[in-house]
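Here's the letter readout for the chains.
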Amino acid sequence: MSDSNFIDTPEGRRIAYHKTDGAGPCVVFLGGLKSDMMGTKAVYLEDWARAEGRAFLRFDYSGHGESSGSFAEGCIGDWHEDTLAAVGALTDGPLIVVGSSMGGWQALLLARHLPERIAGLVGIAAAPDFTEDGYWANFTDAQKKALEEVGQVELPSDYMEPYVITRRMIEDGRKRLVLRAPLTLPFPVRLLQGTADTAVSTATAVRLLEHAQCPDMRLTLVKDSDHRFSDERCLALIVGAIEEVSAQ
């Protein structure tokens, strides 16, 4: 595995990345909350892209992986700025954006900001608006009070140490919501969702499918697959979805 490269964002954050040169559209992988670019899906897709001669980019948001900063100090808007910086500095031309979990929300924010550059989008357990609909909506009164008075709460995770959720993350998330106003996606979109996912529900996937204005949007439900969506069957489905939207 080669060493990471780094760019500095306009906001002063240092972002680690791996870029594979090849034919376009460039495939950009956007990871999930507290995930990094060394995850199974990111590395698998890079290997696939290299074998196919495709351009590919994976990177760590600030506060994730090898990039600068603390996770607890970050928010959706920071990671959106990181995404814009990485895409702007490291890619040219059309993009195929692949977003996993929180990365699915980031993919939609990117598409809203740069619609002319998006050739296709693949969402894997996409989690738009989760700070509001997942966290805030399910916080107890005690958690909401702690968020206001202490500035953060800890939430257990099925996959790693507890998440520290800050008041800044909740308040910033409200500025980035994509399911409350028209969401136009003028390119092919494929959504992949496991029915055994305990982090993102199938209802979220259906809500996104029904909400978005898109001429070619499909949702595939995979029975018994969980939030990782990283076994051989699921990885093959991700590649198939990328190939589908690339061919349009």
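Use the structure listed above.
Residues numbered from 1 in each chain as written. Predicted model: local features only at pLDDT ≥ 70, side-chain atom pairs only at ≥ 80, totals over all residues. Heavy atoms only, no water.

Peer 1: What exactly am I supposed to notice about the packing of helix H2 (residues 76–90) against helix H3 (residues 102–113) here?
Peer 2: A packed helix pair is summarised by two numbers, namely the angle formed by the two axes and the spacing between the axes. Contact geometry for H2 and H3: axes closest at 10 Å, N-to-C directions at 60°. As far as their axial angle goes, H3 and H2 are oblique. Pair H2 / H3 crosses with right-handed handedness. Contacts between H2 and H3 pair Ile76, Trp79, His80, Thr83, Leu84 and Val87 from the former with Met102, Trp105, Gln106, Leu109, Leu110 and His113 from the latter. Tallied by class, residues from the contact of H2 with H3 come to eight nonpolar, four polar and no charged. (Axes fitted to C-alpha atoms, helices over the stretch in contact; angles between N-to-C directions. Helix = DSSP H or I, 4+ residues; strand = E, 2+ residues; numbered from the N terminus. Parallel < 35°, antiparallel > 145°, perpendicular 65-115°, else oblique. Left-handed = near helix turned anticlockwise from the far one by under 90°. Contact = heavy atoms within 4.5 Å. Nonpolar A, V, L, I, M, F, W, Y, C, P; charged D, E, K, R; others polar.)

Peer 1: Sorry if this is basic, but what is going on with the pairing of strand E1 (residues 5–8) here?
Peer 2: Residues in a regular strand point their side chains to alternate faces of the sheet. By the bridge criterion, four bridges tie E1 to strand E2 (residues 14–20) in an arrangement that is antiparallel. Directly across from Phe6, in E2, lies its bridge partner Ala16. Hairpin geometry of E1 and E2 is characterised by an intervening segment of five residues between the two adjacent antiparallel strands and by a positive phi of about 90° at Gly12. (Pairing = 2+ DSSP bridges.)

Peer 1: When you look at empty space enclosed by the protein in this model, what are you seeing that I'm missing?
Peer 2: To find leftover empty space, a probe the size of one water molecule is rolled over the atoms. Scanning the model with the defined rule gives one cavity of 30 Å³ or more in all. Each pocket or cavity is described by its volume, and for the largest cavity that value is around 40 Å³. In terms of residue count, the dominant contributor to the lining of the largest cavity is strand E9 (residues 189–194) (three residues). Residues that form the lining of the largest cavity fall into these classes: seven nonpolar, two polar and no charged. (1 Å grid on protein atoms, 1.4 Å probe; cavity = no way out; pocket = protein on both sides within 12 Å on 5 of 7 lines; lining within 4 Å. Points joined across faces, edges and corners; volume = space filled by probe spheres on them.)

Peer 1: Even after reading the chapter, I still don't get the side chain of His227, so can you show me in this structure?
Peer 2: Residue placement: His227 occurs in the loop between strand E10 (217–222) and helix H8 (232–247). Of note is the side chain of His227, whose polar atom sits 3.0 Å from the side chain of Ser101. (Polar contact = N/O pair within 3.5 Å; in protein donor to acceptor, adjacent residues only side chain to side chain.)

Peer 1: Please explain the packing of aromatic side chains as it appears in this structure.
Peer 2: For any pair of aromatic rings, the description consists of the separation of the ring centres together with the inter-plane angle of the planes. Under the criterion given, the structure shown has seven aromatic pairs. Here Tyr135 and Phe139 contribute two aromatic rings whose centre-to-centre distance is 6.4 Å and whose plane-to-plane angle is 0°, an arrangement assigned as stacked. Exposure remark for Tyr135: the relative accessible area of 13% places this residue in the buried category. For Phe139, a relative accessible area of 7% gives the class buried. (Phe/Tyr/Trp six-rings, centres within 6.5 Å; stacked < 30°, edge-to-face > 60°. Buried < 20%, exposed > 50% of the residue type's maximum accessible area, 1.4 Å probe, protein only.)

Peer 1: Explain the side chain of Asp60 here, please?
Peer 2: For Asp60, the location among the structural elements is in the loop between strand E4 (54–59) and H2. Despite its burial, Asp60 remains without a salt bridge, the nearest opposite charge being carried by Arg58 at 7.0 Å. Within the structure, the side chain of Asp60 is placed 2.7 Å from the backbone nitrogen of Met37, a separation counted as a polar contact. (Lys, Arg positive; Asp, Glu negative; His and termini not counted. Salt bridge = Lys/Arg side-chain N within 4 Å of Asp/Glu carboxyl O.)

Peer 1: Got a minute to help me understand the nonpolar core in this structure?
Peer 2: Here is a general trend for soluble globular proteins: nonpolar side chains tend to be buried in one another's company. By size, the foremost hydrophobic cluster in this structure holds 54 residues, and its most contacted members are Leu33, Phe59, Tyr135, Ile165 and Leu185. Element by element, the count of residues in this core is highest for H3, at seven residues. Among all residues touching Tyr135, those that are not within four sequence positions of it are Leu33, Phe130, Leu155, Tyr163, Ile165 and Ile170. With 21 residues, the next largest nonpolar core counts Leu45, Trp48, Val222 and Cys234 among its residues. (Core = buried A, V, L, I, M, F, W, Y, C linked by side-chain atoms within 4.5 Å.)

Peer 1: What exactly am I supposed to notice about the packing of helix H1 (residues 40–52) against H8 here?
Peer 2: Direction vectors running N to C along H1 and H8 enclose 55°, while the axes themselves pass 11 Å from each other. Between H1 and H8, the angle is such that the two are oblique. Note on packing geometry: the crossing formed by H1 with H8 is right-handed. Together, Thr40, Lys41, Tyr44, Leu45 and Trp48 of H1 and Glu232, Leu235, Ile238, Val239, Ile242 and Glu243 of H8 make up the contact between the two elements. Along the lines of polarity and charge, the residues of the contact of H1 with H8 split into seven nonpolar, one polar and three charged.

Peer 1: Just to check I follow, could you spell out the pattern of salt bridges for this structure?
Peer 2: Counted according to the given criterion, the structure contains 21 salt bridges. Here Arg13 ties to Glu11 by a salt bridge, and the two come within 3.9 Å at their closest N and O atoms. The salt bridge partner of Glu46 is Arg50, with a shortest N-O separation of 3.8 Å. Of this pair, Glu46 and Arg50 both sit in helix H1, separated by four residues, roughly a single helical turn. A relative accessible area of 4% places Glu46 in the buried class. Of the residues examined, Arg50 reaches a relative accessible area of 48% and is grouped as partly exposed. In this structure, a network of salt bridges that share partners links the residues Glu11, Arg13, Asp78, Glu81, Asp82 and Arg168.

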